[in-house]
Amino acid sequence: MEPDAATAAFVAHRNLLFTVAYEMLGSAADAEDVLQETWLRWVEVDLATVHDQRAYLVRVTTRQALNRLRTMGRRKESYVGPWLPEPLLTAPDVAEDVELAESVSMAMLLVLETLAPTERAVFVLREVFGLEYDEIADAVGRTPAATRQIAHRARAHVAARRPRSVVSEAETRDALEAFRRAVETGDLQGLLDLLAPDVVLLGDGGGIKQAVPRPIVGADKVARLLIGGLARVAGGITMEPVQANGRPALVVRLDGELDSVVAVRIDDGRVTGLYAVRNPEKLSHMDRETALRR
């Protein structure tokens, strides 16, 4: 393969390949590593033997992501506190693709975390990227018939756990603004009115930054923890709206320095999930927009 031809083909599909890897892994750092591994294999290929470059690259990326996903499973077993996906600062065009935005949202990535590795790969490739079953089967090393069964099982699993409806960007933005206003002003009742009775708060500090060591469940507990915790913080806190993972989110800064990213899950008009990523190792992609593609 001529180096220039290899580079041009890889660059043309890079954003797609990153999106595939990220949706399978929930980690931008690991997705970047997968792309590097894919590139190293790609430059060894005879271009004349590749009939569909996109399909070939997606297949290699999927295989590498599956290998990485199994390794990550062992890492997560020793992770300190709850593990949350790595947030990405995304461009407005991601939000315009409603299906893509939902698929990379923090809420959906957490649902995908409950799938087995092969189920996750099949679901992502079929439901998000629309690959045919024979293409997916080739990527995951199963027969087309087995792949159909895996897809059916994964769809049922996700359907039982995903948000009950697609929430508009405006509704999410309004909920985050109400959340910000209530927390900053110490409005306990205003926060309780926003939170669902069974809301769950997850905080990811990775053992580096202080965060809740286990899920906090219930509107009263979550509201009092947030307002009480903010009152004890020394320093100036600001909350800024951003687009993260294709959805509105909040960037929290402490004395001007990036401290955390907060995302929400909304069901039936109320916040059912609050996700705060504080681990600084997971915030490196919040200083520049990441291009995602289907």
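Only a predicted model underlies this, so the values are computations on that prediction, with no experimental measurement involved.

## Re the packing of helix 3 (residues 53-77) against helix 8 (residues 133-140)
Logical step 1: Running from N to C, helix 3 and helix 8 point in directions that differ by 45°, and their axes come no closer than 8 Å. When the interaxial angle is binned, helix 3 and helix 8 end up oblique. In this structure, the crossing between helix 3 and helix 8 has a hand that is right-handed. Seen from helix 3, the contacting residues are Ala55, Arg59, Thr62, Arg63 and Leu66; seen from helix 8, they are Glu135, Asp138, Ala139 and Val140.
Logical step 2: Residues belonging to the contact of helix 3 with helix 8 are distributed by class as follows: four nonpolar, one polar and four charged.

## A few points about empty space enclosed by the protein
Logical step 1: On inspection of all chains with the given rule, the structure shows two cavities of 30 Å³ or more.
Logical step 2: Reported here for the largest cavity is a volume of approximately 260 Å³.
Logical step 3: Taken together, 18 residues form the lining of the largest cavity, with Ser105, Ala107, Pro163, Arg247 and Val264 sitting closest to its centre.
Logical step 4: Looking at the lining of the largest cavity, the elements with two or more residues in it are helix 6 (106-112), strand 4 (247-254) and strand 5 (257-267).
Logical step 5: In terms of residue count, strand 5 provides more of the lining of the largest cavity than any other element does, four residues in total.
Logical step 6: Looking at the second largest cavity, its volume works out to about 50 Å³.
Logical step 7: At the level of elements, helix 3 and helix 8 are the ones that each hand at least two residues to the lining of the second largest cavity.
Logical step 8: Broken down by element, the lining of the second largest cavity gets its largest block of residues, three residues, from helix 3.
Logical step 9: Class assignment for the residues of the lining of the second largest cavity results in four nonpolar, no polar and two charged.

## Focus on the layout of surface pockets
Logical step 1: If you add up the space inside the largest pocket, you get close to 780 Å³.
Logical step 2: What lines the largest pocket is a set of 26 residues, and nearest its centre among them are Leu226, Gly229, Leu230, Val233 and Arg278.
Logical step 3: Those elements giving two or more residues to the lining of the largest pocket turn out to be helix 10 (169-185), strand 1 (195-204), helix 12 (219-232), strand 3 (237-244), strand 4, strand 5 and strand 6 (270-277).
Logical step 4: With five residues, helix 12 is the single largest residue contributor to the lining of the largest pocket.
Logical step 5: Looking at the lining of the largest pocket residue by residue, the classes come out as 19 nonpolar, four polar and three charged.
Logical step 6: In this model, the second largest pocket occupies a volume close to 300 Å³.
Logical step 7: In terms of lining residues, the second largest pocket is bounded by 14 residues, among which Arg161, Val200, Arg265, Thr272 and Tyr275 are the most central.

## Overview of helix 8
Logical step 1: What helix 8 keeps buried is the set Tyr133, Ile136, Ala137, Ala139 and Val140. Down the axis, helix 8 shows its buried residues gathered within 165° of arc, on one side only.
Logical step 2: Those residues of helix 8 that are buried are in contact with helix 3, helix 7 (117-128) and helix 9 (144-159).
Logical step 3: At the C-terminal side of helix 8, glycine 141 shows a positive phi close to 75°.

## A closer look at the packing of helix 7 against helix 9
Logical step 1: It is at 9 Å that the axes of helix 7 and helix 9 come closest, and there the two elements cross at 90°. If you check the angle between helix 7 and helix 9, you find them roughly perpendicular. Across the interface between the two elements, Thr118, Glu119, Val122, Phe123, Arg126 and Glu127 of helix 7 pack against Thr147, Ile150, Ala151, Arg153, Ala154, Arg155 and Val158 of helix 9.
Logical step 2: Taken together, the residues of the contact of helix 7 with helix 9 sort by class into six nonpolar, two polar and five charged.

Basis of the calculations
- Residues numbered from 1 in each chain as written.
- Predicted model: local features only at pLDDT ≥ 70, side-chain atom pairs only at ≥ 80, totals over all residues.
- Heavy atoms only, no water.
- Axes fitted to C-alpha atoms, helices over the stretch in contact; angles between N-to-C directions.
- Helix = DSSP H or I, 4+ residues; strand = E, 2+ residues; numbered from the N terminus.
- Parallel < 35°, antiparallel > 145°, perpendicular 65-115°, else oblique.
- Left-handed = near helix turned anticlockwise from the far one by under 90°.
- Contact = heavy atoms within 4.5 Å.
- Nonpolar A, V, L, I, M, F, W, Y, C, P; charged D, E, K, R; others polar.
- 1 Å grid on protein atoms, 1.4 Å probe; cavity = no way out; pocket = protein on both sides within 12 Å on 5 of 7 lines; lining within 4 Å.
- Points joined across faces, edges and corners; volume = space filled by probe spheres on them.
- Buried < 20%, exposed > 50% of the residue type's maximum accessible area, 1.4 Å probe, protein only.
- Arc of directions from axis to C-beta.

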